[in-house]
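Reading the structure
Each chain is listed here by its residues.
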Amino acid sequence: MSTDQPHSSTEQDTGLLPRAQLLAENLQAVLQRISSVAHSPNSVRLVAVSKLKPATDVLAIHERTGHTHFGENYSHELLEKAASLPTALNWHFIGALQTNKCKHLAERIPNLWAVESVDTVKKADALEKGRAALLSTSPSTPKLRVYVQVNTSGEESKSGCQPTAAPVLAKHILEECKHLTLQGLMTIGAIARSRESDIPNEDFLTLKRVRDEVAQRVGIDSDQLELSMGMSEDFEQAVSLGTSNVRVGTIIFGQRPLKKDAAI
Ligand SMILES: *Cc1c(COP(=O)(O)O)cnc(C)c1O
């Protein structure tokens, strides 16, 4: 065996693939897997979750593929990345949200496309305050889209409001938060449930049911509310169950360094 000729082996060649190209190919592969199960083409938005990964990774994907939707979990990290990267990016805040960070996020990042982790009236009100302040100085900024995060699995480690609390919170956002847009509902769900491959993940079914309840409560059609569910391990299942938005990190960017966020 020619162990002394590493350059000729396929494995070595893959290892030498420039990171930018690798990231772009990983993203394209996820897009392809989405479209092979989606009910209609381009009906599902892919949020590439870049938390704990360098800004250069985000830029590489954006430049090579034109992809614009990226997700972050930590407010300081998002503030830094948003300040250094092109304003054409559409940021999603998907992490556990602290009330005292909400105003800042909504006010300082005009291209914050959505906050997906709103689970209390207090947080909605703080985001509302921040976006109102931004709009008063910069009136062409869009309203801030928000998703109500629902704890569908009942796990204490997961944030999100109880399913029964979602309609009230949604109604509050619609009626009291004039600078926010209610975009839909989000869940993380229990990965273990997606691994029981024969039956659909109960969390995904719960989120669909909660969407119907919210729609009825606020008097709109269910299909006017998006679903955000599905991650690296279970996004195809979420897509086949009709999600509008998936949040995928690891299979695009690789394993993350060990983190502060034990829940995920
Ligand atoms: C980290 C994270 C993701 C991405 O998870 P992967 O398993 O890396 O795809 C999705 N959603 C939320 C809320 C996250 O915190």
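Residues numbered from 1 in each chain as written. Predicted model: local features only at pLDDT ≥ 70, side-chain atom pairs only at ≥ 80, totals over all residues. Heavy atoms only, no water.

**What about the UniProt feature "modified residue: N6-(pyridoxal phosphate)lysine" (unreviewed entry) in the protein?**
Taken from the UniProt record, the annotation "modified residue: N6-(pyridoxal phosphate)lysine" (unreviewed entry) applies to Lys 51. Structurally, the position occupied by Lys 51 is in the loop between strand S1 (45-49) and helix H3 (55-65). According to the relative accessible area criterion, Lys 51 is buried, its value standing at 5%. (UniProt positions renumbered as here; feature names shortened; annotations may be inferred. Helix = DSSP H or I, 4+ residues; strand = E, 2+ residues; numbered from the N terminus. Buried < 20%, exposed > 50% of the residue type's maximum accessible area, 1.4 Å probe, protein only.)

**Focus on the site of the ligand**
Near the ligand, the surroundings consist of 13 residues, among which Lys 51, Asn 73, Ser 232, Thr 250 and Arg 256 are the closest. Between the ligand and Asn 73, the relevant distance is 2.8 Å, taken from an oxygen atom to a side-chain nitrogen or oxygen of the residue. In the model, an oxygen atom of the ligand is placed 2.8 Å from a nitrogen or oxygen of the Arg 256 side chain. For the ligand, whose accessible area on its own is 390 Å², the fraction buried by protein is 95%. Per-class residue counts for the shell around the ligand are six nonpolar, four polar and three charged. (Near = heavy atom within 4 Å. Polar contact = N/O pair within 3.5 Å; in protein donor to acceptor, adjacent residues only side chain to side chain. Areas by Shrake-Rupley, 256 points an atom, 1.4 Å probe, with all protein chains shown as cover. Nonpolar A, V, L, I, M, F, W, Y, C, P; charged D, E, K, R; others polar.)

**Observations regarding unusual backbone geometry**
For Leu 52, which is not glycine, the phi torsion reads 65° and is therefore positive. Residue position: Leu 52 is located in the loop between S1 and H3.

**Details of the pairing of S1**
S1 sits mainly inside the fold: five of its five residues count as buried. With burial as the criterion, each face of S1 is covered, one bearing Arg 45, Val 47 and Val 49 and the other bearing Leu 46 and Ala 48. Note: S1 against strand S8 (residues 245-248), four bridges, orientation parallel. Opposite Val 47, over in S8, you have Arg 247 as the bridge partner. Bridge analysis of S1 against strand S2 (residues 69-72) gives two bridges, and the strand direction is parallel. Residue Val 49 lies in a different strand from S2, and its bridge partner there is Gly 71. Once the chain exits S1 it traverses H3 before rejoining the sheet at S2, and the crossover so formed is right-handed. (Pairing = 2+ DSSP bridges. Right-handed = clockwise from strand over helix to strand, strands pointing away.)

**Focus on the pattern of salt bridges**
This model, assessed by the stated rule, comprises ten salt bridges. Residue Lys 103 pairs with Glu 107 through a salt bridge whose shortest N-O separation is 3.2 Å. Taken together, the positions of Lys 103 and Glu 107, both in helix H5 (residues 99-108) and four residues apart, correspond to about one turn of that helix. For Lys 123, the salt bridge goes to Asp 119, with nearest N and O atoms at 2.9 Å. A network of salt bridges, in which partner residues are shared, links Glu 72, Glu 77 and Lys 81. (Salt bridge = Lys/Arg side-chain N within 4 Å of Asp/Glu carboxyl O.)

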